[in-house]
Amino acid sequence: MRLDPSAAAIVAARGDAAQLENAGNLFDRQLPEFFSTGAVGYLPTGNGLAPRRVDVDRTAVWNSGVERGAEGWADMPEEAADPMFRGIVGHRAIAGENAQRRNALLLSPVGRFDVTRLPAWSELSAVPMETYFAAGAAPGDEAARTALRGHDLLPNANFGGFLGQAPAS
Amino acid sequence: MDALPSFLDASRFTNIDQAWTAAPISVIRVRLAGELGLDDTSRERVRLVAEQIATSTGLEVDIMVGSSPTPMPIALDAGTHGRPALALTQSWAKKGVAVSIVNAVDRKSLLLFVLILAVCTLFVTNATAAAVQSRRLELAVLSCLGWRPAALYRHIIVESALYGLVASLLGVAATLPVGSLLGLRPDPRWLLVTVPVTTALAVVAALGPARRAARSDPAAAIRPSALVPRRSRPPRSVAALALANVTRLPGRTLLGAASLAIGVCALTLLAAIAVAFQGAVVGTLLGDAVSVQAPSRGLPRRGAHRPARHRRRRRRRLPQHPRARRRVRYAARLRLA
């Protein structure tokens, strides 16, 4: 039996940590919404697997009503137009009694998640779970190696993409 | 973890699944304390703990002891912004690899031991036969002095048994310092078992020569030690002479040929096993595997390699977002080195 390394449920929050750490006011530290993503389904191919595409209503997911001051509504990331292989559910903060003060969480950064600081287990018992390994996929042939310039394919802003948004740096 | 209820508060965020709220953790990884190997005792201990977790909590338990990262080919579709379709490789966990390999190595070790024992028997038989042959005069003299065939038989058997006993005791005494030099700690009980086994081996090897010694007669002293081939004409080439000499001592020739055949058989089997593992098992030495990396070797039947979660989700037609399911993956530290 083989286990998908991305089997663990993933919670991805919009916003980046650096921006959060430099947040000067409470509004910037609010968590207006977050997304939960599902696991990837697979179809067998000749010598391996192919992730199964999932239809995601991007408009419903990204129409969160997040305001960005004078810039207007938050845009859907460009990468979100890529094929999606995971279901996405958006969790938007429910407005409180006072519409100006959302019932949102205030985030307080306490540090960055670092997989290398987890208790080291034997390499021979290493289980490729994304909690312990930064998400990524190595090129499998020469064409992929050339296209990726020898690097691994890494997750991007497409939450529903093949590579999950693991809590790893 | 303290912040988790805030994220799962249905009054605070939309689309919060109640089941998810009840069981928000998807995977718990557990490691047993203490030293664990891949022996039967350790595996039974792991199995017992896994069963207790499953029984007491109702969680699904995957025993990950002995798992190994396995490369899985992934064919990824092209993106919409120019990224081409990519052939990728991801590391997936293949369960039970180390256990399978250790079992295979154990079987291989057993086969090796049997073959080594067979070769030793042949060598001891050959040596005993040579010793009896060289002592034909002595045996003939003993026969002239009135020794019965049974006495001659016992003489050779007891002599071989004593050789075996002394050799095994010396071997046991040498095993401990040599083993410590190599970092091995042989079980003393197994060492003691080798004493009677070696003695019995020497006795078995001496049965045939002892039977021949029992048939000693005084006339043997004046016969040549090897058969004189009856040739119609003298050999005229090196090959013919070699062939004639091979047939002079047919028993010893057969022993040598059998030893060589067993050695070749052992080497062939080892090579076949190494090829079957595609070089993944490297540096195995009588049971010590130094690598458990397993190559991807085709796919099992459809669905068999998918996580159980996927199969169940499809069966129940559940949505793709993370369900409130929990899984305990149990992993224990391997001691393969």
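Fair warning: this is a prediction, and the values are worked out from it, not measured in the lab.

Peer 1: Whenever I open this one, the overall build of chain B confuses me. Can you help?
Peer 2: Helix and strand counts for chain B stand at 10 helices and five strands. The 337 residues of chain B split such that 35% are buried. Across chain B, every contact between residues at least 6 apart in sequence was considered, and the portion connecting residues at least 24 apart equals 67%. Approximately 19,700 Å² of chain B is accessible, and the part contributed by carbon and sulfur atoms is 65%.

Peer 1: In this structure, what is going on with the overall build of chain A? I would like to understand it.
Peer 2: A tally of helices and strands in chain A yields three helices and nine strands. Starting at the N terminus and walking to the C terminus, you meet the elements of chain A as β-β-α-β-β-β-β-α-β-β-β-α. Evaluated residue by residue, chain A yields a buried proportion of 41% over its 169 residues. Of the contacts formed within chain A by residues at least 6 apart in sequence, a portion of 69% connects residues at least 24 apart. By element, 50% of the accessible surface of chain A is carried by carbon and sulfur atoms, the whole surface being about 9,100 Å².

Peer 1: How do you make sense of helix H3 (residues 40-57) of chain B when you look at a structure like this?
Peer 2: Because each turn of an α-helix spans 3.6 residues, side chains separated by three or four positions in sequence point in the same direction. All names here are of chain B. Between its first and last C-alpha atoms H3 spans 26 Å; for 18 residues at 1.5 Å apiece the expected length is 26 Å, and the two agree. Within H3, the full set of buried residues consists of Ser 42, Val 46, Val 49, Ala 50 and Ile 53. Looking straight down H3, one finds its buried side chains confined to an arc of 100°; they lie on one side. Exposed side chains of H3 directed beyond 90 degrees from the buried face belong to Asp 40, Thr 41, Thr 55 and Ser 56. Following H3 by one or two positions, Gly 58 has its phi on the positive side, about 80°.

Peer 1: Where do I start with the nonpolar core in this structure?
Peer 2: Side chains of nonpolar character tend, in soluble globular proteins, to be buried together. Among the nonpolar cores identified, the biggest contains 16 residues, and Tyr 42, Leu 153 and Phe 162 of chain A together with Ile 74 and Leu 88 of chain B are the most heavily contacted of them. When contributions to this core are tallied by element, the ones reaching two or more residues are strand S3 (68-76) and strand S4 (86-94) of chain B. When near neighbours in sequence (up to four residues on either side) are disregarded, Ile 74 of chain B contacts Tyr 42, Leu 49, Pro 51 and Phe 162 of chain A together with Leu 86, Ala 87, Leu 88, Gln 90 and Trp 92 of chain B.

Peer 1: Help me out: how do you make sense of the pattern of salt bridges in this one?
Peer 2: Where side chains of opposite charge bring their charged atoms close, a pairing between them can arise. All names here are of chain B. Going through the model one piece at a time under the given rule, you end up with five salt bridges over all chains. Residue Glu 51 pairs with Arg 47 through a salt bridge whose shortest N-O separation is 2.6 Å. With Glu 51 and Arg 47 both in helix H3, this residue pair falls four residues apart, about one helical turn. Overall, the relative accessible area of 40% leaves Glu 51 in the partly exposed class. Arg 135 is the salt-bridge partner of Glu 138, the closest N and O atoms lying 3.3 Å from each other. Accessibility expressed as a relative area gives 36% for Glu 138, which makes it partly exposed.

Peer 1: Would you explain the pairing of S4 of chain B in this entry?
Peer 2: It is a general feature of regular strands that their side chains alternate between the two faces of the sheet. One ladder, built from two bridges, connects strand S9 (residues 138-139) of chain A with S4 of chain B; its direction is antiparallel. Opposite Ala 138 of chain A, over in S4 of chain B, you have Thr 89 of chain B as the bridge partner. When S3 of chain B meets S4 of chain B, the two strands line up antiparallel, connected through nine bridges. Note on S4 of chain B: the bridge partner recorded for Pro 71 of chain B is Ser 91 of chain B.

Peer 1: Help me understand the packing of helix H6 (residues 149-181) of chain B against helix H7 (residues 188-214) of chain B in this model?
Peer 2: Packed helix pairs are specified by the crossing angle of their axes together with the interaxial distance, meaning the distance between the axes. All names here are of chain B. Relative orientation of the contacting elements H6 and H7 amounts to 150°, with a least axis distance of 7 Å. Here H7 runs roughly antiparallel to H6, going by the angle between their axes. Here H6 runs over H7; the crossing is right-handed. A class-by-class count of the residues in the contact of H6 with H7 yields 19 nonpolar, seven polar and one charged.

Peer 1: Which parts of the structure should I look at to understand the confidence of the model for chain B?
Peer 2: A low pLDDT score tells you not to read the predicted coordinates there in detail. Residues and elements named next belong to chain B. On average, residues of chain B carry a pLDDT of 72, and 70% of them reach 70 or more. Across chain B, H6 holds the top mean pLDDT of 88, while strand S5 (residues 327-330) sits lowest at 38. Every residue in residues 279-337 is under pLDDT 50, and counting partners more than four places away or in other chains gives 188 contacts.

Peer 1: Explain unusual backbone geometry to me, please; I cannot follow it from the model alone.
Peer 2: Both trends apply: most residues other than glycine have a negative phi, and most peptide bonds are in trans. Of note in this structure, Arg 149 of chain A is not a glycine but carries a positive phi near 55°. Mapping Arg 149 of chain A onto the fold places it in the segment after helix H3 (142-147).

Peer 1: Hey, could you run me through the packing of aromatic side chains in this one?
Peer 2: Note on aromatic pairs: each is described by the distance of the centres and the angle between the planes. Under the defined criterion, the tally for this structure stands at five aromatic pairs over all chains. For the ring pair Phe 35 of chain A and Phe 159 of chain A, a centre distance of 5.2 Å and an interplane angle of 55° mean the geometry is tilted. Of this pair, Phe 35 of chain A sits in strand S4 (residues 33-37) while Phe 159 of chain A sits in the segment after H3, and the two are 124 residues apart along the sequence. Here Phe 35 of chain A and Phe 159 of chain A have matching classes, each one buried. Members of the aromatic cluster, connected to one another through ring pairs, are Phe 34 of chain A together with Phe 7 and Phe 13 of chain B.

Peer 1: Would you mind showing me how to read the side chain of Thr 121 of chain B here?
Peer 2: Positionally, Thr 121 of chain B belongs in helix H4 (residues 97-134). Each residue touching Thr 121 of chain B, except ones within four places of it in the same chain, is listed here: Leu 201 and Ala 205 of chain B.

Criteria and cut-off values
Along each chain, residue indices are assigned from 1 in the same order as the chain's sequence is written. Chain letters and ligand numbers both follow the written order, the letters beginning at A and the numbers at 1. With pLDDT at 70 or above as the cut-off, local features in this predicted model cover only qualifying residues; side-chain atom pairs require 80 or more to be listed or tallied, and sums for whole chains, interfaces and linings still use all residues. No hydrogens and no water enter the side-chain calculation; it runs on all heavy atoms of the structure. Strands here mean DSSP runs of E at least two residues long; helices mean DSSP runs of H or I at least four residues long; both are numbered from the N terminus. Any residue under 20% of the maximum accessible area for its type is buried, any over 50% is exposed, and the rest in between are partly exposed; the area is computed with a 1.4 Å probe on protein chains only. Residue contacts are defined here by distance: any two heavy atoms, one from each residue, within 4.5 Å place the two residues in contact. Here, Shrake-Rupley sampling with a 1.4 Å probe gives the accessible areas, and only protein chains in the shown set may cover a residue. In this scheme, a helix's expected span is set at 1.5 Å multiplied by one less than its residue total. The reported arc concerns the directions from the helix axis to the C-beta atoms and nothing else. Put simply, buried Ala, Val, Leu, Ile, Met, Phe, Trp, Tyr and Cys residues joined by side-chain atoms within 4.5 Å make one nonpolar core. The salt bridge definition used is simple: a Lys or Arg side-chain nitrogen within 4 Å of an Asp or Glu carboxyl oxygen. Here, strands pair whenever DSSP counts at least two bridges between them. Lines are fitted to the C-alpha atoms to define the axes, a helix being fitted only along its stretch in contact, and any angle between axes, read from their N-to-C directions, falls within 0 to 180 degrees. An angle below 35 degrees is read as roughly parallel, one above 145 as roughly antiparallel, one from 65 to 115 as roughly perpendicular, and any other as oblique. Left-handed describes a crossing whose near helix is turned anticlockwise from the far helix by less than a right angle; the clockwise case is right-handed. Amino acids outside the nonpolar list (Ala, Val, Leu, Ile, Met, Phe, Trp, Tyr, Cys, Pro) and the charged list (Asp, Glu, Lys, Arg) are all regarded as polar, and Gly is one of them. Values of pLDDT, the confidence the predictor places in each residue, fall between 0 and 100. Each pair of aromatic rings taken from Phe, Tyr and Trp, with Trp reduced to its six-membered ring, is defined by centres within 6.5 Å and is described as stacked if the planes are under 30 degrees apart, edge-to-face if over 60, and tilted in the remaining cases.

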